[in-house]
Every structure is written in structure tokens, then in C-alpha cells.
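Descriptive structure summary
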Protein chains: 2
Amino acid sequence: MATIADVARIAGVSRSTVSYALSGKRSISDETRRRIEEAISALGFTPNAGARALKTSQTMVLGLLLQFHQDEFAPAMLEYMLPIADEARENGYDILMVTDANAPQALDRITRSGMVDGVVLLDVTHDDPRLPVLRGARQPGALVGLPASTEGLEVLDLDFGEAARQLVDHLYGLGHREIILISPPKHVFERGGAYSWRFRDAAMERAAKYGIQVFPYFGESRQPAIAVSVNAFLDARPNATAMIVHNDASIAALPAILNSRGVRVPDDLSVVSLYSKNFGRAFSLPYTAVETAPDRLGQQAVQLLVRRIMDPAGAGTPVTRFIAPELTDRGSTK
Amino acid sequence: MATIADVARIAGVSRSTVSYALSGKRSISDETRRRIEEAISALGFTPNAGARALKTSQTMVLGLLLQFHQDEFAPAMLEYMLPIADEARENGYDILMVTDANAPQALDRITRSGMVDGVVLLDVTHDDPRLPVLRGARQPGALVGLPASTEGLEVLDLDFGEAARQLVDHLYGLGHREIILISPPKHVFERGGAYSWRFRDAAMERAAKYGIQVFPYFGESRQPAIAVSVNAFLDARPNATAMIVHNDASIAALPAILNSRGVRVPDDLSVVSLYSKNFGRAFSLPYTAVETAPDRLGQQAVQLLVRRIMDPAGAGTPVTRFIAPELTDRGSTK
DNA sequence: CTGAAAGCGCTTACAG
DNA sequence: CTGAAAGCGCTTACAG
């Protein structure tokens, strides 16, 4: 591979001049610049990333830490990843994708070895074991998902409390007084997926305020358990006129379940949910829903992270930001 | 961050001895090794990746190039990515995920800059614009998907021809003589997704051999076009007793479409398809299908690539390997 | 079994 | 506007 020395030789200048031509950090005469550019394209020169990283302590790579839990419904993950990768590239960064089962160790490894300038943690839990490692790392991080303590961290998440209130308000406004709520699976609560109880608790609180009934159930994440459980909830609450589904796997399966049960939406049952535009499209879902906006979350996570990388001292303190939910009415309620 | 010099100082040895202790490339006395290990864990030392890469010309990172096409159905992509990441890690490699719209340029950049030791190209097309770049790169690559010329390349793909024959044979054996085939969308053919015509052409050929009729149609990738098109195919071929669906988006939507049409499977229509176990589970698909085995494809791609990285000269010539399809009978035919 | 030294390919103060 | 030189943190022949 061509090195900066090759370029310098061919252009008849010193290596430092080539370097400055590349970085633009000092002025270069037009003639010199021309010769350097010519040599660069003649040789197809691209600076060696390792050498650059060694010298500058910057890799222009961001780590992206994904969690994959057993027995979980994965299709939505890609929706976070792609906007993150796109936003990173727009800011000049590449993405190192880390999927190790032992996430804390992997995070320790990529930060200590200086492979990344910062990290994005996806699917952060209440008591996330990656956070102690992140706090000890020299690189900053941005989280998607709300941990118990956000101290010193850039945190982004959907406002699940507000999402729950919007949905309950929507149904209450239409006159519904008995509502089934299908939450994420029990193991998501147990694992510390705070969005699960943030949504449920806000929904319950809102219902109490209005004096209406919301019946919460843990949903399932796999067939055939999903169908069995949804049918059981409906059987248990024959007077319920509406259903709130906060569970990806269950909402994806719902059209088939209701169909085979002969339940028409919204005539027999009003249904609202929580999912992204793309998710709804992939599963042809016809339900009124709050949009989870993974693209906005991912993009903003990268933006916060990049800002923090550029300015580690931090003009401002780290940000915890809740994205405002937006309801898309698809006519699945009445 | 701690450097190898810090470790050497604390352990009271030279830097080279620390390095050799790390690599195991020469024997070290027990006492020395103990002191070095102590110093390493006391300091939390991890070798700097950039320095190591600069010296060894190895980054222990693999590039993973993804294509995301407009108007496409993405949920299956993650199924390739995760096994690739897992297999890479098992071999000591991290994954640089590259999603740039301008893939040839991105590939050029990550190879020339020496960011990766090799690359995996996903979703390779007949005339893939990334291949000229890959052929000019100093790092080897492995492809998933069949290009026009496999010369000098490690190539992996499902045997779509054999998959088509298996499915046609299955239906023929049950007595079906008029079969609807829903292929990938037209733009997949036009873009050069060879799996689209490899499957279709093999199905047609097999049908001709048996003297039965297979009616091929381009499927759609988005709702509501999917439902409209599938209904149109069924209307156009009222005598068809079976359907082969080689189209992710259409098969995902099929249960709802057939349901609303009042078509029972397999009583009114036999249905076979082509999808992975996970995909089928995510969409609760009840159809007999050939498994696409993205996990095996991804794993083997990484294995071939790593072998090639270790032994660039190559004991053997590059491999083009077609994974044998396996039919899973879910009782959707009769 | 161990150490001193060169060098990988860059960037950037220092000097002119 | 440009160049010579140091140094980032490793690895590995060379030497003992």
C-alpha cells in the first residue's frame, strides 16, 4: 500500500506537507497542493487508519453495543442500528458492531484497546451491567434506554409514560372504561427493561385518575404462547372494549389471533399499540399507535455522543432526553 | 491509559518481554510471567489496537458490507448479521459494519486505510459494483450471494435451484398440476439478485419436465400492493391448487390475505415457501418451507474468509459453495 | 530466558 | 509557505 512517504516523494515535497495538505491545518501553495493531489490519486493513497489512530488517539470509530436476549423478538433491532450507522457516517465515524454475550467485558476490551472513540449502548436496562464499565472508560457513551442512574451519561429514550397517557386518554375520550393492557413479557420486567413498567405504571395511574379499569397482563414473545395468552386475556375480560398492546411480538401476531377469533377491529374491540412506522409496515399492522421513532433515538444518540467526543469537558452537563411520542391514528378505535 | 512500558516498569522487565508474554511467542520463566500478569491486571492493561495494527498490519477486524435497497423488506437482514458477528468473535475478530449508500467507495476506503483484515459482502448481485473494488483490494473477501463471475472469490449461497426443485417435486408428488409462483419483486430481478431467477428458472424447468404448469408472477414488497397483487394472482388462476412463495414480504402477509379471502390452507390451497426458522417464527408462518439457513451461510462465509486471511496464498483455490436446502414440512400441503 | 533497538505510518510542534 | 525530526505504542529480528 502507498504511504504518505510515497506521496511525498512523487509530489516532491516533505511528508509533513502532504499531511497538512490532507488535514488543511496550514496553508499550502496552489502548485504544491496540485502536485500532492495528483500523487494521491495516482497512487490511490488513503492514510493508514492504525497509524493515524496511534498518533492522534482518535479512531473515528464508534462502538455499537447490542444485546440479544434469549427468547426475544428481534425484528425491531435493525431499525435502531441503521439510523445510528447513517448518522455516524455523516459525522465521519464508522461503526464497530459488538454483539458479545459478555457485554461488559467486550465494552472493556474495545474501550481499553482504544478501538473506538465512543460507544452507543442499545437496550439499556435499569441496572445495566455495562454501565460501571462505561463509567470507568475514557471514552464517552450514549445510551438508548433508561437506567436507574443517568448521572454523567447521555441518555435517550422514548417518553413511555407520556405514550401510555396518550393512549389511555385516547381510549378514555372514546368512552372506553374497561381496557386490557398487554405488557412486555415478564422476563423483560425482571431483566430491568424500564420501558415495560414505565409504560404500565403510567397507564395504571392514568386509569386510576379517570376512575376506569385497565387490566395489565404480561404478554409472551413466541408463538404459540402468544396466541394462547392473548385469547386467555380476552376470555378473562369479556367486558373489555379496548386493548393496549405494548409488546412487539404480540402486536405482530394480533391480526391473525383476532381474525381466527372472529373479533373485528374496531367494531368489536378497539386496539391501540406502540410501534415504529417500519415495524407496522413490515407486519401490515392496521392499528392506531404511538410511534416509537427508533430513527430519531438512534440519530440523536449519535449526535449527543459526537458532541461529547469533540468536547469531553462538556459545555453542558450530560443530557437525559425523552422523545415526545406521536400518535398515528389508523382508525382501529371507536 | 496504561501502555506496555508501564507494565514493563512495574514488572521490572523489558517491554519486549511483556510483549512475548502476551503473545506466547517465546518461553518466559514462571516468576517473570507471574510478575507481568500481576502488573497487567493491576493496571488493567490492554494493548493499544492502533499500535498493534500499525506494527503487524493486522487489525483483527472484519468489514461487513450491507446493502439496503429502497422499497425492500428488511427484517431478514439481522439473521445474517448476528451469526457473522458471532463467528467472527469466535475467531478473534470484531465487525466493522458498513452501510454506506456508496458501497464501492466505502469498501475502497476501509480496505485501503487498512481498517479491516477482510470483508464479508452481503446480498451480492449478479453484476455487483463492489466486486471490482474487492478484486483490487489487498484484503480477501467472502460473498453471500452469487455474482456473474466467482473467479478468485469465496462465494456462499443457498442452492436456490435445488430449493425450487424440491418444492416443485413436493407439490408434484401430491398431485398438483397448476401452481402459482410468487417471485421476488421485479426490481430484485432488475437489480441482479440472482437468487430470484435461479429459483424461478429452476422451478419452470422442473415443471416443464413433469409437464405441469407453474405460473410465475413478480410479487410486491410493500403493503397494500402485496395484498392487491396476491389476490390478483389467485383471481387469474382459479384452477391453481398450490402456491410457491419466494418472496419474504408476501409470505409474511399471506396468512392475513388468505384469511380475508376465506381460503383455507391446505384444504383450498397448498402453500410452500422459502424462509428461515426465525423468520417463520417471527411472523408465525405455518407453511411448509425450504429453510434459507442464514446462520449457516454467515458462519461459513466467516470461516472461509478467516481461512483465507490466515493463508492468503491459499492451499486450495477459492470456494464457491451452495448450501443444500432442507425442507421443513409444516403440513400446509395436501 | 531476557533486553536494547529498529521501525510500522502517521501528525505536529519547532524552526526557518 | 515548507521541511526535519520526534514520538504515538506496539512487535520482532538481533544479540547475548
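As recorded in an unreviewed UniProt entry, chain A goes by LacI family DNA-binding transcriptional regulator and comes from Sinomonas terricola.

Some words on the UniProt feature "domain: HTH cro/C1-type" (unreviewed entry) in chain A
The UniProt record annotates "domain: HTH cro/C1-type" (unreviewed entry) at residues 3–32 of chain A. The straight-line gap between the two end C-alpha atoms of residues 3–32 of chain A is 18 Å; of that span, 67% is helix and 0% is strand.

Describing the relation of the copies chain A and chain B
The operation relating the pair of chain copies consists of a rotation about an axis and a translation along that axis. Placing chain A over chain B gives an RMSD of 0.0 Å and needs a rotation angle of 180°, together with 0.0 Å of translation along the axis. Overall, the copies show the geometry of a two-fold rotation axis. Comparing interface residues between copies, 100% of those in chain A also sit at the interface in chain B, which points to an isologous, same-surface contact.

A word on the sheet that holds strand E11 (residues 320–323) of chain B
Taken together, twelve strands build an open sheet; the order of strands is E11(A)-E5(A)-E4(A)-E3(A)-E1(A)-E2(A)-E2(B)-E1(B)-E3(B)-E4(B)-E5(B)-E11(B) and the sheet is mixed. With one partner strand each, in any of the chains shown, strand E11 (320–323) of chain A together with E11 of chain B form the two edges of the open sheet. Each neighbouring strand pair of the sheet contributes to a mean axis angle of 20°, computed without reference to strand direction. Here strand E3 (residues 118–121) of chain A pairs with strand E4 (residues 141–144) of chain A via three bridges, running parallel.

Things to note about the pairing of strand E1 (residues 61–65) of chain A
In the case of a regular strand, side chains alternate between the two sheet surfaces. Residues and elements named next belong to chain A. Of all five residues that make up E1, five are buried, and the element is covered over most of its length. The two faces of E1 match: Val 61, Gly 63 and Leu 65 on one face and Leu 62 and Leu 64 on the other face are all buried. The sheet contact formed by E1 and strand E2 (residues 94–98) spans five bridges and is parallel. Residue Leu 62 lies in a different strand from E2, and its bridge partner there is Ile 95.

Here we look at the protein's contact with DNA strand D
Neighbouring residues of DNA strand D: 29 residues in total, closest A:Arg26, A:Ser27, A:Thr32, A:Lys55 and B:Ile4. Backbone sugar and phosphate groups make up 50% of those atoms of DNA strand D lying within 4 Å of the protein. Taken together, the residues that form the surface near DNA strand D break down as ten nonpolar, eleven polar and eight charged.

Looking at the protein's contact with DNA strand C
Every one of the 29 residues lining DNA strand C counts as a neighbour, but A:Ser19, B:Arg26, B:Ser27, B:Thr32 and B:Lys55 are closest to it. In the model, a phosphate oxygen of DNA strand C is placed 3.0 Å from a nitrogen or oxygen of the A:Lys25 side chain. Note that a phosphate oxygen of DNA strand C is positioned 3.3 Å from one of the backbone N or O atoms of A:Asn48. For the surface near DNA strand C, the elements supplying multiple residues, two or more each, are helix H2 (15–23) and helix H4 (49–56) of chain A together with helix H2 (15–23) and helix H4 (49–56) of chain B. The biggest single contributor to the surface near DNA strand C is H4(A), with five residues. Residue composition of the surface near DNA strand C, by class: ten nonpolar, eleven polar and eight charged.

Quick notes on the environment of A:Leu304
Residues and elements named next belong to chain A. Along the polypeptide, Leu 304 turns up in helix H14 (residues 294–310). On the basis of relative accessible area, Leu 304 is assigned to the buried category, the value being 3%. Here the alpha-carbon distance between Leu 304 and Gly 141, two residues 163 residues apart in the chain, equals 8.9 Å.

Thoughts on the nonpolar core
Among soluble globular proteins, nonpolar side chains are generally buried collectively. In terms of nonpolar packing, the biggest core is built from 92 residues, with A:Met81 and B:Met81 touching the most fellow members. Not counting chain neighbours up to four residues away, the residues in contact with A:Met81 comprise A:Leu64, A:Leu66, A:Met97, A:Leu122, B:Leu78, B:Met81 and B:Met97. Core analysis: the next-biggest nonpolar cluster, separate from the first, contains 58 residues, A:Leu258, B:Ala76, B:Ala253 and B:Ala282 among them.

Some remarks on the interface of chain A and chain B
It is common to give the size of an interface as the accessible area that goes away when the parts come together. Listed per partner, the contact involves 42 residues of chain A and 42 residues of chain B. In this structure, the connection of chain A to chain B is made through two salt bridges. For B:Arg109, the salt bridge identified is with A:Asp94, shortest N-O distance 2.8 Å. Where chain A meets chain B, there are ten residue pairs in polar contact (both at pLDDT 80 or more).

A few points about the pairing of strand E8 (residues 242–245) of chain B
Residues and elements named next belong to chain B. Alternating residues of E8 divide into Ala 242 and Ile 244 and Met 243 and Val 245, and every residue in both groups is buried. Here strand E6 (residues 178–183) pairs with E8 via four bridges, running parallel. The partner of Leu 181 across the bridge, within E8, is Ile 244. Of the crossover connections in this fold, the one passing from E8 over helix H12 (residues 248–261) to the parallel strand E9 (residues 270–274) is right-handed.

Rules of the game
- Residues numbered from 1 in each chain as written.
- Chains lettered and ligands numbered in written order.
- Predicted model: local features only at pLDDT ≥ 70, side-chain atom pairs only at ≥ 80, totals over all residues.
- Heavy atoms only, no water.
- UniProt positions renumbered as here; feature names shortened; annotations may be inferred.
- Helix = DSSP H or I, 4+ residues; strand = E, 2+ residues; numbered from the N terminus.
- Least-squares fit on C-alpha atoms with pLDDT ≥ 70 in both.
- Contact = heavy atoms within 4.5 Å.
- Pairing = 2+ DSSP bridges.
- Axes fitted to C-alpha atoms, helices over the stretch in contact; angles between N-to-C directions.
- Buried < 20%, exposed > 50% of the residue type's maximum accessible area, 1.4 Å probe, protein only.
- Near = heavy atom within 4 Å.
- Nonpolar A, V, L, I, M, F, W, Y, C, P; charged D, E, K, R; others polar.
- Polar contact = N/O pair within 3.5 Å; in protein donor to acceptor, adjacent residues only side chain to side chain.
- Core = buried A, V, L, I, M, F, W, Y, C linked by side-chain atoms within 4.5 Å.
- Salt bridge = Lys/Arg side-chain N within 4 Å of Asp/Glu carboxyl O.
- Right-handed = clockwise from strand over helix to strand, strands pointing away.

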